[in-house]
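Structural features, examined
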Amino acid sequence: MSSEPRKSLCPFGVVGAPHQLDAVNASLREPLFLLLLSSAKWLSFATLVGLVSAIQLHTPDFLSYCAYMSYGRLEPVFMNALVYGWGFNAGFAVALWLMVRLSGTPLRAHALLFTAYFFWNVGLLIGIAGIIAGDQVPASLLEMPGYATPLLFIAYALIAVWGVLAYARRERSTSYISQWLVFAALFWFPWIYAAAQAMVVQAPAVGVVQHIVTGWYASAVIHLWFMPLALAAAFYLIPRVLGERIRFYYLTHFAFWLYVVVACWACGRYFIAAPVPAWVMTVTAVASVLLILPCAIFFINLLSTLMPHFSKAANSPSLRFVMTGLLFLGLYVLAQAAMMFRGLNELTQFTFYIKGLDMMGLYGGVSMIFFGAIYFLLPKLLERQWLSTSMMKTHYWGATAGMLVISVSMMVAGVAEGSLLANPDPSFSDALRIVQPWLQARSYGFILLLIGHVAFVINFHRLLFPLSQQRTQTHPTLFEAAE
Amino acid sequence: MKPLPILFVGIFAALAFSWTGLALVNHITIGQLDPIPEGGVEAGASTIGEVLYPRQRSGLAQHGAVVYAEHGCYTCHTQQVRARDMGSDIARNLGVRQSVARDYIREARTMLGTLRAGPDLANIGVRMPEANRLYVHLYNARIHEPHSMMPPYDFLFEKHALEAGKPAPETALVFPDELPETVVLDLQGKAIVPSDDARALVAYLQSLSQGYTLPEAAIIEEE
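One structure accompanies this document, and this report is about it. (Residues numbered from 1 in each chain as written. Chains lettered and ligands numbered in written order. Predicted model: local features only at pLDDT ≥ 70, side-chain atom pairs only at ≥ 80, totals over all residues. Heavy atoms only, no water.)

**Re the pattern of salt bridges**
By the definition in use, this model includes 15 salt bridges over all chains. In this structure, R433 of chain A engages D430 of chain A in a salt bridge whose closest nitrogen and oxygen atoms are separated by 2.6 Å. Residue R433 of chain A and its partner D430 of chain A are located together in helix α15 (residues 428–464), separated by 3 residues, close to a single helical turn. A relative accessible area of 44% means that R433 of chain A is categorised as partly exposed. Residue D430 of chain A is classed as partly exposed on the basis of its relative accessible area of 24%. Among the salt bridges present, the one from E216 of chain B reaches R102 of chain B, with a minimum N-O distance of 2.9 Å. Taken as a pair, E216 of chain B in the segment after α5 (196–207) and R102 of chain B in the loop between α2 (59–70) and α3 (124–127) lie far apart in primary sequence, 114 residues in all. (Salt bridge = Lys/Arg side-chain N within 4 Å of Asp/Glu carboxyl O. Helix = DSSP H or I, 4+ residues; strand = E, 2+ residues; numbered from the N terminus. Buried < 20%, exposed > 50% of the residue type's maximum accessible area, 1.4 Å probe, protein only.)

**Comments concerning helix α4 (residues 131–139) of chain B**
Residue and element names in this part refer to chain B. Of all 9 residues making up α4, 8 are buried, and the element is well covered by its neighbours. Within α4 the residues assigned to the buried category are N132, R133, L134, Y135, V136, H137, L138 and Y139. Packing partners of the buried residues in α4 comprise α3, β3 (157–161), β4 (190–194) and α5. (Contact = heavy atoms within 4.5 Å.)

**Quick look at the state of the cysteines**
Here a disulfide denotes a covalent bond joining the sulfur atom of one cysteine to the sulfur atom of another. Summed over the entire model, instances satisfying the criterion amount to 0 disulfides over all chains. Unpaired in terms of disulfides, C267 of chain A finds its nearest cysteine sulfur in C264 of chain A, a separation of 9.6 Å. Residue classification places C267 of chain A among the buried residues on the basis of a relative accessible area of 1%. Sulfur of C76 of chain B: no disulfide; nearest cysteine sulfur belongs to C73 of chain B and is 8.8 Å away. (Disulfide = S-S within 2.5 Å.)

**Some remarks on the packing of helix α7 (residues 251–263) of chain A against helix α9 (residues 292–306) of chain A**
All names here are of chain A. Between α7 and α9, whose axes approach to 8 Å, the crossing angle comes to 150°. Looking at the two axes, α7 sits roughly antiparallel to α9. For α7 against α9, the interelement crossing comes out left-handed. Together, L251, T252, F254, A255, F256, L258 and Y259 of α7 and L293, P294, C295, I297, F298 and N301 of α9 make up the contact between the two elements. Classifying every residue of the contact of α7 with α9 gives 11 nonpolar, 2 polar and no charged. (Axes fitted to C-alpha atoms, helices over the stretch in contact; angles between N-to-C directions. Parallel < 35°, antiparallel > 145°, perpendicular 65-115°, else oblique. Left-handed = near helix turned anticlockwise from the far one by under 90°. Nonpolar A, V, L, I, M, F, W, Y, C, P; charged D, E, K, R; others polar.)

**Remarks on the side chain of Q197 of chain A**
All names here are of chain A. Relative to the assigned elements, Q197 resides in helix α5 (residues 177–202). Within the structure, the side chain of Q197 is placed 2.8 Å from the side chain of T149, a separation counted as a polar contact. Apart from the residues lying within four places of it in its own chain, the contact partners of Q197 are L142, T149, Q202 and A203. (Polar contact = N/O pair within 3.5 Å; in protein donor to acceptor, adjacent residues only side chain to side chain.)

**Looking at α9 of chain A**
Residues and elements named next belong to chain A. The terminal C-alpha atoms of α9, which comprises 15 residues, lie 20 Å apart, in line with the 21 Å expected from a rise of 1.5 Å per residue. Of all the positions in α9, only P294, C295, I297, F298, F299, N301, L302, S304, T305 and L306 are classed as buried. Along its buried surface, α9 packs onto α5, α6 (209–242), α7, α8 (278–290), α10 (310–315) and α11 (317–338). (Expected span 1.5 Å × (residues − 1).)

**A closer look at the interface of chain B and chain A**
Facing the 66 residues of chain B at the interface are 89 residues of chain A. Viewed at the interface, chain A and chain B are joined by 3 salt bridges. We note a salt bridge from E70 of chain B to R73 of chain A, for which the minimum N-O separation is 3.2 Å. On inspection of chain B and its partner chain A, the count reaches 23 residue pairs in polar contact (both at pLDDT 80 or more). For the side of chain B that touches chain A, the elements supplying multiple residues, two or more each, are α1 (4–31) and α2 of chain B. Broken down by element, the side of chain B that touches chain A gets its largest block of residues, 20 residues, from α1 of chain B. Of the residues belonging to the side of chain B that touches chain A, the class tally is 36 nonpolar, 20 polar and 10 charged.

**A word on the packing of α6 of chain A against α9 of chain A**
Residue and element names in this part refer to chain A. Contact geometry for α6 and α9: axes closest at 10 Å, N-to-C directions at 20°. Viewed along their axes, α6 and α9 adopt a mutual orientation that is roughly parallel. The handedness of the crossing between α6 and α9 is left-handed. Together, M227, L231, A234, F235, I238 and L242 of α6 and C295, F298, N301, L302, T305 and L306 of α9 make up the contact between the two elements. Of the residues belonging to the contact of α6 with α9, the class tally is 10 nonpolar, 2 polar and no charged.

Next up, the structure:
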């Protein structure tokens, strides 16, 4: 990035003297190291469990000898490990890194963060073990039993308190869109989690209120936690790597507030034709469609900055992941909005379409952007470069192809199944026969994903724990060698 | 540019608004629903001894709901019937009317579900009332549905060796004479007996029925 000082539009161009930067990086090194190491472990575990449960869906006898290994437990284990293990650990790392870098002051209160890190991962282990033991709560993304979740809540509250304090104590008076997004995500989540825990897990509310709160929560995990963090990372990485300002930056104010208002309500997909009050279906469906608007503005900002430098961006590992992630996020928002329309909702509701949608929202877009952030930030923190370009490429293509195969096969299967079942004559088992090949394709998608993740984990470990004789490289590792 | 209090108040207000609307308002309005006699309450309270709907489950069936959750049945089965003009739920006899909020007020944990990898179960107690049929389906779903994706729950059953000259226990499962080619069962000289969990689960499934009329969801007889 050019060293010329920038004005408020791209505030991180003027973070301060180099020694101050070093102090910032040094203060981040240990907490991020721990968080990312855990996230990589949870990612490997989740991918393996996901592959097993994907195979079980088309070959029901596969490894289902006992209750602990049956699909009904492995699928929630997979989703919880993916979301809370990989997504949240990596999300914490990205949030801390963005907050600290953008406020330009070294990270304080390490003890608070280590406590939070410890509580989060121990709580998660207990929660996952609880699901396997049969104590799961029957609600999407809230399956972890009530005796594990208070630990998660305490851990989260500590991190959120820390993040809000970091923003309040920032030394520069300017603020940037990434800071607002991270601030909002950090602040929102403990409230949502507390509300959902109280009304669904600890003291279940009456009847379908549980379903309403679960739908509200499960959507909020994507819209109020993962998506703001992913967008914040994209708003940081794209100008940082390209050395360009965000185009049409003034639009981000409007888009941010629109996003804040709309995203809190965008949970329509859980309530289509459900036994809930009609206004709940209407309002949430409208919000789910309206969500396109702020996302479109953010995308205009990001893509118009990216496109003039496309080849440079595609050559940078972090930006290539970010671009792919943005593509998946955009597809997710559109695919979700499409589900709100009469006709398509009739076809896709209750079909495998929603599995494709979940995967695209919870894994595809967000994880790709987190990977991009990790590829960018780790070499800076550790002052070492990634070792293997081929591993990076394997990771990129494995994750992208796996994600595409999984989500597209599920969406196609969903529409095919729904179109068949819209007619009362074909039997349910006819529909199952139709989706069978697509479910097999999904398992192949998981194998691709696994290949990609194994490459990532190997490369990651070699960066974290270098061998002494390893060559030291000073320039950043790119996809194509720089001229 | 963006002072902290404005940011703070703005994002808090947006979230509080959606929580109030979706969680709190529904908690109050749906919380006011009571079980009522079939067809509704005619001017005043119901009489003593009248059957109220939705009906209270037996203790065994309530334990069955816990078993249902524990094995993640809700990950593949919904328990909600859509309205007549929405999909073919009623045409394919998943229920006689759409499900409404009152149907679920007695459930400790509501398991509406989001995916139908298997059929809807809101009225399985009406569609499949016979216990043996449900047990066989749990033991291995492909005995009756060769294309089913349902995993075998044979670990919910106990295998007893049959003693020569003695009849099989009364509770033993009765399998059809002809099994599909894809299903291989080793049942020679053995009696398959449901465990306590399996009995509770089947009692729960048998209790799943929304076949009564509520004022907000009338059953329309088709010509």
